[in-house]
Amino acid sequence: MHSSILQTPLAHDRIRCEVCQWRCELAVGEVGRCRVRSHHDNAVIVDAYGLVSGATIGPIEDQRLWHFFPDAQVFSVGGYGTPLVPPNVASEALPYALLPEKARELSPERVVEFAQQRLCRGVLWTFGDPSVAYEWTLDGIKLGRAASRFTAIATTGYFNPELFAQMAPYLDGMRLDVYGFSAQSYKTLTGFDDWQSIFKIAAEARQKWNIHVEVALHVTPGVNDSDAEVAALAKWMRVALGSLTPLHILPNRVGDVQLDDATVQRLVSTAKTSGVSFVYGPAPHQITRCPNCTWVVVERSDGPTQLTGVIDDTCEGCRTPLGLRTSLFRRNVRYELASS
Ligand code: SF4
């Protein structure tokens, strides 16, 4: 049985779980907002430690990390629980949100062994959110790093900053799933008020720990699809994460309504003119061009991804740095951030 790694006893037999930014205060028998932790036996217990909601092997590009170990095979694995169930979505609609009566168990050791046996270059912790599957993810990431696998997470960024700082030294990559760049969008789509704390986690990942970050903006028609909001996100990315940080613009369907292609292309172009060099829409295979000389540097297709115009992580045509992460040993290579 695993207890929450950070918890604080309160008056009247309540305990506050400090693992993610919701900081749930739980009476005896109560379950946290993530639905995978509960208060019993005088502690907040991680009911979902090691229980697997999904596991798959494939190219890292399938997981929307496009500038991170291109063409690497990755073992993507994840548990249950999410800090984020949008107010208008039943948690039952999210396959990883609710803990089933029976679930397959995979120890962190077995996850890493499996990745090695299947010749995967790394492990991506995804599906259920690593910010609430924290202890299992942390144990696995440490073991993965010790086994020379790259380590990455796909997350909404709800980490308690103190706990993220414990994980960050072992982490190579992060896909940050965001729901806009305003209090109103976050309140509408996630019910969460302190939206800026999510972006602070990503800035710290990039600036303090030099973790490779890619941002996936989930666009909901009528909520976070304005040019002003996308421009604000792109400007923040340029300053906080660097202009070479990829942005993926991914439309969400609401009922029968989905963003049309013209709107998606307009948002892509808005993000580019606001300072982010690499902006991708939802299509699965897109080429990457050098932001300076437009040379084709990465080609993606149904087959293997090809670094056709890359030399030593720079453009073959003009030697402009591209900000690709291609080696565990190049983690100390830093790209400059914009000054404003
Ligand atoms: S991890 Fe779960 S129980 Fe703990 S604070 Fe977050 S939502 Fe609440």
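Keep in mind it's a predicted model, so treat the numbers as computed, not measured. (Residues numbered from 1 in each chain as written. Predicted model: local features only at pLDDT ≥ 70, side-chain atom pairs only at ≥ 80, totals over all residues.)

1. A look at the overall build of the protein chain
For step 1, the next point in the chain: Secondary structure summary: the protein chain contains 7 helices and 19 strands in total.
For step 2, the next point in the chain: Its C-alpha atoms give the protein chain a radius of gyration of 20 Å, within 12% of the compact-globule value 20 Å for 340 residues.
For step 3, the next point in the chain: Overall size of the protein chain, expressed as C-alpha extent along the three principal axes, is 65 × 45 × 40 Å.
For step 4, the next point in the chain: Sequence separation of at least 24 residues holds for 65% of the intrachain contacts in the protein chain that already meet a minimum separation of 6. (Helix = DSSP H or I, 4+ residues; strand = E, 2+ residues; numbered from the N terminus. Rg over C-alpha atoms; globule rule 2.2 N^0.38 Å. Contact = placed C-beta atoms within 7 Å.)

2. Description of the nonpolar core
For step 1, the next point in the chain: Among the nonpolar cores identified, the biggest contains 88 residues, and V123, M174, V213, L247 and A271 are the most heavily contacted of them.
For step 2, the next point in the chain: Of all the elements, helix 5 (residues 195-207) adds the most residues to this core, at 5 residues.
For step 3, the next point in the chain: Taken together, domain 1 (7-46) and domain 2 (51-287) each give at least three residues to this core, which thus spans both.
For step 4, the next point in the chain: Those residues within four positions of V123 in sequence are excluded, and the remaining contacts are V74, F75, V77, V111, V112, A115, G140, G144, R149 and T151. (Core = buried A, V, L, I, M, F, W, Y, C linked by C-beta atoms within 7 Å. Buried ≥ 20, exposed ≤ 12 C-beta atoms within 10 Å, placed from the backbone. Domains from an automatic or database assignment.)

3. What to know about the sheet that holds strand 1 (residues 7-9)
Through backbone hydrogen bonds, the strands of a sheet pair up, either in parallel or in antiparallel fashion.
For step 1, the next point in the chain: Across the sheet, 3 strands lie side by side as 1-2-3; this open sheet has antiparallel pairing. Each of the sheet's edge strands pairs with one partner strand only, and the pair in question is strand 1 and strand 3 (25-26).
For step 2, the next point in the chain: Sheet topology places strand 1 next to strand 2 (residues 15-17); 3 bridges connect them, and they run antiparallel. Residue T8 lies in a different strand from strand 2, and its bridge partner there is R16. (Pairing = 2+ DSSP bridges.)

4. Points about unusual backbone geometry
For step 1, the next point in the chain: A positive phi angle is found at R23, which is not glycine, with a value near 45°.
For step 2, the next point in the chain: Tracing the backbone shows R23 in the loop between strand 2 and strand 3.
For step 3, the next point in the chain: Here R23 falls in the partly exposed class, since 15 other C-beta atoms lie within 10 Å of it.
For step 4, the next point in the chain: Backbone geometry places L119, a non-glycine residue, at a positive phi of 55°.
For step 5, the next point in the chain: Relative to the elements of secondary structure, L119 occurs in the loop between helix 1 (108-117) and strand 10 (122-125).

5. Quick look at the site of the ligand
For step 1, the next point in the chain: In the vicinity of the ligand, the contacting residues are C17, V19, C20, W22, R23, C24, G32, R33, C34, R37, P83 and V132.
For step 2, the next point in the chain: Looking at the shell around the ligand residue by residue, the class counts come to 8 nonpolar, 1 polar and 3 charged. (Near = placed C-beta within 6 Å. Nonpolar A, V, L, I, M, F, W, Y, C, P; charged D, E, K, R; others polar.)

6. Quick look at the domain arrangement of the protein chain
For step 1, the next point in the chain: Each domain of the protein chain was delimited in the assignment, giving domain 1 (7-46) and domain 2 (51-287).
For step 2, the next point in the chain: Measuring from the centre of the C-alpha atoms in domain 1 to the corresponding centre in domain 2 gives 26 Å.
For step 3, the next point in the chain: Facing the 10 residues of domain 1 at the interface are 18 residues of domain 2.
For step 4, the next point in the chain: Grouping the amino acids of the side of domain 1 that touches domain 2 by side-chain chemistry returns 6 nonpolar, 1 polar and 3 charged.

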